[in-house]
Every structure is written in structure tokens, then in C-alpha cells.
Amino acid sequence: MHGRDIDTDLGDWTLERGCEMRGDIVRGRLYGPDNAPLVVVLGGISATRHVADDPVRSRGWWSRLVRAGGAVDLTRVRVLGLDFAPAAGADHCPNTITTTDQAKRLKALLDAHDLGPAIAVIGSSYGGMCSLAFARDYPSAVHNLCVIGAAHKPYPIGVGWRGIQRRIVRLGLAAGRPEDGLKLARELAMTTYRTPEEFADRFALSETGSDPARFDICDYLGSRGDAFAASMDAQRFLTLSESIDLHRIEPEAVATPTLLMTAISDQLAPLPDMRELRDRLAGPSELYTFTSLYGHDAFLKEYDAMDPRLTAFMKEALS
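Notes on the structure in this doc start here. None of the values given here were measured: they were computed from a predicted structure. (Residues numbered from 1 in each chain as written. Predicted model: local features only at pLDDT ≥ 70, side-chain atom pairs only at ≥ 80, totals over all residues. Heavy atoms only, no water.)

## Here we look at the pairing of strand E2 (residues 20-31)
- Two strands pair when backbone bridges link them, and strand E1 (residues 4-14) and E2 are joined in this way by nine bridges, in the antiparallel orientation. The residue bridging glycine 11 from the neighbouring strand is aspartate 24, located in E2.
- Linking two consecutive strands that pair antiparallel, namely E1 and E2, is a turn of five residues; a positive phi of about 95° is found at glycine 18 within it.
- Judged from the four bridges that link them, E2 and strand E6 (residues 78-82) form a sheet pairing that is antiparallel. Looking at E6, one finds that tyrosine 31 is bridged to valine 79. (Pairing = 2+ DSSP bridges. Helix = DSSP H or I, 4+ residues; strand = E, 2+ residues; numbered from the N terminus.)

## Structural notes on the environment of isoleucine 122
- Looking at where isoleucine 122 falls in the secondary structure, it is placed in strand E7 (residues 120-124).
- Separated by 173 residues in sequence, isoleucine 122 and glycine 295 have C-alpha atoms that sit 19 Å apart.
- If sequence neighbours within four positions are ignored, isoleucine 122 has contacts with Val39, Val40, Val41, Leu42, Trp62, Val72, Ser131, Cys146, Ile148, Leu310, Phe313 and Met314. (Contact = heavy atoms within 4.5 Å.)

## Notes on the nonpolar core
- Membership of the largest hydrophobic core comes to 51 residues, with the highest contact counts inside it found for Leu80 and Phe134.
- No other element matches the seven residues that helix H2 (residues 126-137) contributes to this core.
- In this structure leucine 80 touches Ile6, Gly28, Arg29, Leu30, Leu38, Val39, Val40, Val41, Leu106, Leu109, Leu110 and Leu115, once residues within four positions along its chain are discounted. (Core = buried A, V, L, I, M, F, W, Y, C linked by side-chain atoms within 4.5 Å. Buried < 20%, exposed > 50% of the residue type's maximum accessible area, 1.4 Å probe, protein only.)

## Quick look at helix H4 (residues 178-193)
- Between the first and last C-alpha of H4 there are 22 Å, a value that for 16 residues agrees with the 22 Å anticipated at 1.5 Å per step.
- Listing the buried residues of H4 in full gives Gly181, Leu182, Ala185, Arg186, Glu187, Ala189, Met190, Thr192 and Tyr193.
- In this fold, the buried residues of H4 make contact with helix H3 (156-174), helix H5 (196-202), helix H6 (216-231) and helix H7 (234-246). (Expected span 1.5 Å × (residues − 1).)

## Focus: the environment of cysteine 130
- The residue cysteine 130 is located in helix H2 in this model.
- Here cysteine 130 is in contact with Leu42, Phe84, Thr99, Gln102 and Ala103, once residues within four sequence places are set aside.

Pasting the structure below:
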């Protein structure tokens, strides 16, 4: 199924914390029937507007769930994916952007193309944080909310881990080796996205080299670092990583009916925080949990675990 890109030019504007955004083009991609109800799908900081499979753009990052006949059924709804700011390869990258700023950009895109309100906004990881900000600031623009692996605030150890990652990237920039900094930061990040149990089950600690010794788990993490460094700009990473740590939402300010979903093993959006969010939300709320070896990455892996509840959520939203 072909998608089509849409955009709106916000030009230069001042972000929530005083930074200037210059030449901001908000870009999204629409899939599904033109007159169908709208669903917005937002992912992590590495996600793009390419949510579903597309003959023009190949694989979408959530295409197992967003497809014809899927939990988010492209024969029944129109889906919008979004590129987060700052844009990849932008000449100017603000030092600081917040989830509130990202929500404002989404609202501008919806208004520019007369797309709203959305029957549902579904956000995972960073996209879940932005979804909460969107529902708080624009309650009439969304009827239902689904937040996966994201809470109303970052977990302290996650802030610590990301702070180390940013310092690694800044060392790489100072040394004139930004790709190496990004690679190492991503290797560290992968150990926080997954679980120790998954790594224990997956790797035998077999040696893959010597002098110095290398091991299969290190080769895997290195490959993930290489892939990330090839697709992410260093300054853009610094801005988006910090944006996660700046995220703060008062749950009492969100009255939109909300489904929360999380893997019990998620180290970055742990179960106590998700329970607190559920209990403090002003509107109807439910917390759906499932087991997974994949931790925070479960939203990109555990499709069978998420599919039934997400299918029911979409049925409720369409009704």
C-alpha cells in the first residue's frame, strides 16, 4: 500500500525552553483510505514517518501491526507517521527540544491538512511521551490514547545511562570522530533496551577474535552501533536524548481515555512508574502488561503479545 508525504512549514519559532528552531518543516506520511478515521502512530527517537510497508520506501518500522488486516487496519483507518525534530541533516540543530514542542509540531501538521481530530494516538517509547504531551495540550484533537513503554517522567537510572551516552558522543565530537561516539553510545544503549536474560539466552561468550579477545555479544553490540551511526546525526542524537530526560507530564492533566502497555521487564519505563501513571490519569485508564525477554525493545519485537489488546483498542476507538 502506497503512502504519501505531507508537510507544513513552521519557519523559525521559539521552543519551550527558549532555543530557536530555524526553518522547521514538519513532515509526516499518510497511509490508508483518504476519508477513513485518522490514527497517529509515533515511535522512538530512531523511528521515522515510515510506519508501514510501502513499495516506494520498503519496510516500515511497525509494519507487523500497521497493515491491511492488522491490529491497526489500513483498510479501515488512515495512519499518520511523523518525523521528530530536529530533522536529520538539518543545517541548524537546537540544543534543546521537549515533548511539548514535538506535540505542537504534530498539531500544526494536523491543522495544516485538516486531518483532526484523531480517533487514536498510539505512541511507543519517546513517541509515547510525546503522545502524553499531545493529549494534555490538545485534548479535543485526540479521542483515545495508547502509550507503550513510556511514562509521565523518565526513570532516574535511565537518565543516568543516557547522560553517559551523551558524554560519549561529545567526546567523539571533540575528537573529530562523531561516528565512533555514536557507535559506542548505541552499544551502551542496547544493554539498557534489552534484558540480561535475553543476552544470557542468546550468546555463548564464544571468542570471535584475539589480541585483544572479542566475543560474540560484543560483535552483536558493535553491529548495532555501526547501524545506528550510519543513520543518526550526532547533534540530533544529543538533542533527542536530552528531550527524553526533560520529559515531565502531570498525569492529572490528561483526561483522554488511555491504554498503557508495557513489558514487565522494561528497565526504562518500569512497572511502578506505569502503575503510578495509570492511577493518576484524570480519564479512564488501563495498564496491560506482558512478559518479554526484550525489555524496552518489546514494542519492536513482541507483536504477538501486543496484537490482541491493540486490536481491541482499535475496535473500541472505531466504535
